[in-house]
Structure formats: C-alpha cells, structure tokens
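# Tertiary structure, described
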Amino acid sequence: MNNTIFLISLTAICCLGGFASDINAPSIESIANSLNTSIDTIQFTMTIYFIGFSLSQLFYGPLTDTVGRIKPLATGILLFTFSSILSAISTDAAFLILTRLGQGLGAGATACIWRAMFLDRFNKDEIVIYASYLQLFILFTLPSAPLIGGLLDKYISWQSTFVFMGTYGVICFAITQFMQEDTLKEPLPFNITSVSKRYKDIVTHPVFIRYIPCAATSYGIFVSWFFVGKVLTKLDTDTFGLYCFITSVPAIFIASRINKQFITTLGADRLIIIGFLLMMLGAIIIGISQLLSIMPLLFLAYFLIVIGAMIVPANTFSKAFEPFGKTAGTAAGIYGGLQQLGASVTGTIITFLPEETAYPYATLIIILSLTLLLSFRAMSHFRVSAKTDQV
C-alpha cells in the first residue's frame, strides 16, 4: 500500500472518533426536547463519550503492541458501530448515556491505533511533513461533521446522525479488512510487569511530560466550541453546522500550511507557542463579540481557535513520540487517552458555566492557554534523550 492510499485510509479511521463527537453538536437541543431532559444532561452524554474515548486507549495501547494493530482496531470499530445503532433507538437519557459510553470505548481503538500505525510507517524526519498531509486529508472530512449533523437533524431526525455514524463504522471496518499488512514490527509481552514498566517509562519521561499537556489542552479548547457554540450563536442546527464547516476548512488548511512552511525555520516549540497565542486571541474576540453583541465575531474567534488547535497537535505529536519507537502503541494510547481526557475535563467544566453569556467561556480558554504557555516555557530545558526505549 503506497503512502497516499495509506494516508487516505488512516484519515477515515482517525476521523471516526472526532466525527462522532462533532456530528451531534447541532442536535443538542433536539435530543434534549425529544428525550424530555435538560441541555446539561445531553452535554453530559458528550462528556461521557470522551471519558470512554480516553480511558479505553490506555488498554488498546499496550494490547496493540502485543497482538498487532489490525485486530484490536477492527474490534473497537465493531463496538463503536453497535453502540451507534443502539444510540439511534434510545428513548431516554440514561440509555443514551450508556450507549454513548460504548461509542467512546469503541472509538478509542481508532484514536490510539492510527497513531501507532503512523509512527510505525514513518521516521521522525517524516512525521511532521506527513502529519501536515494528514491534516489536509482531514480538511475534507472532520469539518463536515457539524454540517452533516445539522442537515440530518433538520430534515430527518437527530436519530439519523447515529445511523450515519453506524454506517461510517461499517466503512471503517471494511478498510481494516483490506489492510493486510500489519505495521507492528516487534511484538512485546502483554503482562502486568511489562505493561507497568512501559507506562512508567513513558509517563515519567521529561519530554513526554512537557508535550502531553499541550496536546490535551489544545484539543480540549477545540472541542469546547461544540459544547457551547450553538447556544452562544443562537443559530438553527443546519446554519450552525454550515458556518462551522465554512470556518473550519480554511482554518485547517492554513494551519497545515503554517506547519509545513515553518517547521524547519521556527521549530516545533515556537509553533506550539504560536498556536496557543492564536487560541488566546480567539478567546479575546469572543469577549469582544459579547461586549458589542456582534455574533459573526464568534466565528472569527472560532477560526483562530481552529488554526491554533491544529498547529499544536502536529508538533506535539512529532516531539512527544521521538523516544518511543518500540513502544509506539502504548505511547499512542497514553497520548490519545490524555488528549481526550482534556476534552472530557473541559467539557465537564463548561456544563457548569452560565449559558447566557460568553465571558466565562472566553475566560476559561485564556486561563488554560496561559497556564500551558507558562508551564511549557518553564520546561523548555527538557530535551529528547538519546537513550532508546526499553521494554
């Protein structure tokens, strides 16, 4: 399989989890009305999805370092597909919470294992370049989630969004069946001693410690828009989805070009700082839009947040994994799990914020970005160790 086909296949798989979280954003109010529950409860179904999404990767990571990439990936996709169909027939909020958890537990396989397969395939000099190409493929996939969700919710029903994701899951499962070549080169033992040592070596490595919070926070800030964006803009479902799509496509393209153009001259660390500064600027514009009551400024803010949130992960990805070639699956599980946990924590905080004003949301973004910038700079003396990873 050549690199182009590999990247396209990987894009479909890696977008599954993010698509499932974003496609329901325009339907929050519809689901709440249909199930006779509060918006906060439906927002919690998104949070529980991210909890399952994050925690399951801690299991898939070491497992895929032992049995290979394809079998755990296919199993997780099947669980996701089954849970999506069950979500579509939910008649109460409690059952939807349970099925959304199942969705997250299944999607965790895709989020973890695509990273491991990517690391297996490319060397450290190729990672940032091909990660930028991957972002270009994502350009045509992930931003369409809220657009599709809004159209399905308006013209069919909110249940149809889950049927759509079940169909997407079937397609991804089919892709795994055509991936005959497993990218795992050296299987590792799957026992408590070996897995515990791998976890310890990774989570205590200073380079990993420095870059993981950046990935988790940037993703949390990005996803937070889908918790509050529709409420703040007061748009109907399909219009909100369309505006998100129109805003996201050029933003992801610009972020990809910035990464590709400036990685050699500025370096990953400076690009990460630029990403967080852009997210802070977006938060400031959110505050201005509230002050002046100019709704379109919210999408300018979202535009800047998307650029920043896309710049950061490509660069943290390349730096955080450099010391862990042999344990790519375990490292990818921890990385992906903590990244999704960032979305879970951010989403949980947002459910407690007042919905009638944008100021608390903007303040949260500024606090998170500023905290990460200060800690990232404070740990700037960390460097990638020349020591190879041990098992």
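Scroll up for the structure.
Residues numbered from 1 in each chain as written. Predicted model: local features only at pLDDT ≥ 70, side-chain atom pairs only at ≥ 80, totals over all residues. Heavy atoms only, no water.

## With respect to the overall build of the protein chain
What the protein chain contains, in helices and strands, is 15 helices and zero strands. In terms of overall dimensions, the protein chain is globule-like: its C-alpha atoms have a radius of gyration of 20 Å, near the 21 Å expected for 391 residues. By residue count, 59% of the 391 residues in the protein chain fall in the buried class. For the protein chain, the computed accessible surface area is about 15,300 Å², with 69% contributed by carbon and sulfur atoms. Of the charged side chains in the protein chain, 22 are positive and 20 negative; the average position of the first set lies 10 Å away from that of the second. (Helix = DSSP H or I, 4+ residues; strand = E, 2+ residues; numbered from the N terminus. Rg over C-alpha atoms; globule rule 2.2 N^0.38 Å. Buried < 20%, exposed > 50% of the residue type's maximum accessible area, 1.4 Å probe, protein only. Areas by Shrake-Rupley, 256 points an atom, 1.4 Å probe, with all protein chains shown as cover. Lys, Arg positive; Asp, Glu negative; His and termini not counted. Charge placed at Lys NZ, Arg CZ, Asp CG, Glu CD.)

## Describing the environment of Thr346
By the element assignment, Thr346 lies in helix H14 (residues 328-351). C-alpha of Thr346 to C-alpha of Leu368: the two residues are 22 residues apart in sequence and 9.5 Å apart in space. Among residues more than four places away in sequence, those in contact with Thr346 are Gly220, Ser224, Leu364 and Leu368. (Contact = heavy atoms within 4.5 Å.)

## Here's the deal with the side chain of Thr233
Along the chain, Thr233 turns up in helix H10 (residues 206-233). A distance of 2.9 Å separates the side chain of Thr233 from the backbone oxygen of Gly229, its partner in a polar contact. Looking at Thr233, its side chain comes within polar contact range of the main-chain oxygen of Lys230, at 3.4 Å. Those residues in contact with Thr233, other than ones at most four positions away along the chain, are Trp225, Phe240, Met295, Leu298 and Phe299. (Polar contact = N/O pair within 3.5 Å; in protein donor to acceptor, adjacent residues only side chain to side chain.)

## Considerations on unusual backbone geometry
Non-glycine residue Lys234 carries a positive phi angle of around 60°. Note that Lys234 resides in the loop between H10 and helix H11 (237-262).

## Things to note about the packing of aromatic side chains
Inspection of every chain in the model, using the stated rule, returns 17 aromatic pairs. Considering the side-chain rings of Phe59 and Phe190, the 6.4 Å spacing of their centres and the 85° angle between planes classify their relative orientation as edge-to-face. Here Phe190 lies in the loop between helix H8 (159-178) and helix H9 (192-203) and Phe59 lies in helix H3 (residues 39-67), a separation of 131 residues in the sequence. Given a relative accessible area of 41%, Phe190 falls into the partly exposed group. (Phe/Tyr/Trp six-rings, centres within 6.5 Å; stacked < 30°, edge-to-face > 60°.)

## Details of the nonpolar core
Across soluble globular proteins, you tend to see nonpolar side chains buried next to one another. Phe118, Trp225 and Ile286 are the most contacted members of the largest nonpolar core, which has 114 residues in total. With 15 residues, H10 is the single largest residue contributor to this core. Look past the residues within four positions of Ile286 in its chain and what remains in contact with it is Leu298, Ala301, Ile305, Ala358, Tyr361, Ala362 and Ile365. (Core = buried A, V, L, I, M, F, W, Y, C linked by side-chain atoms within 4.5 Å.)

Remember that the coordinates give geometry; whether it matters functionally is a separate question.
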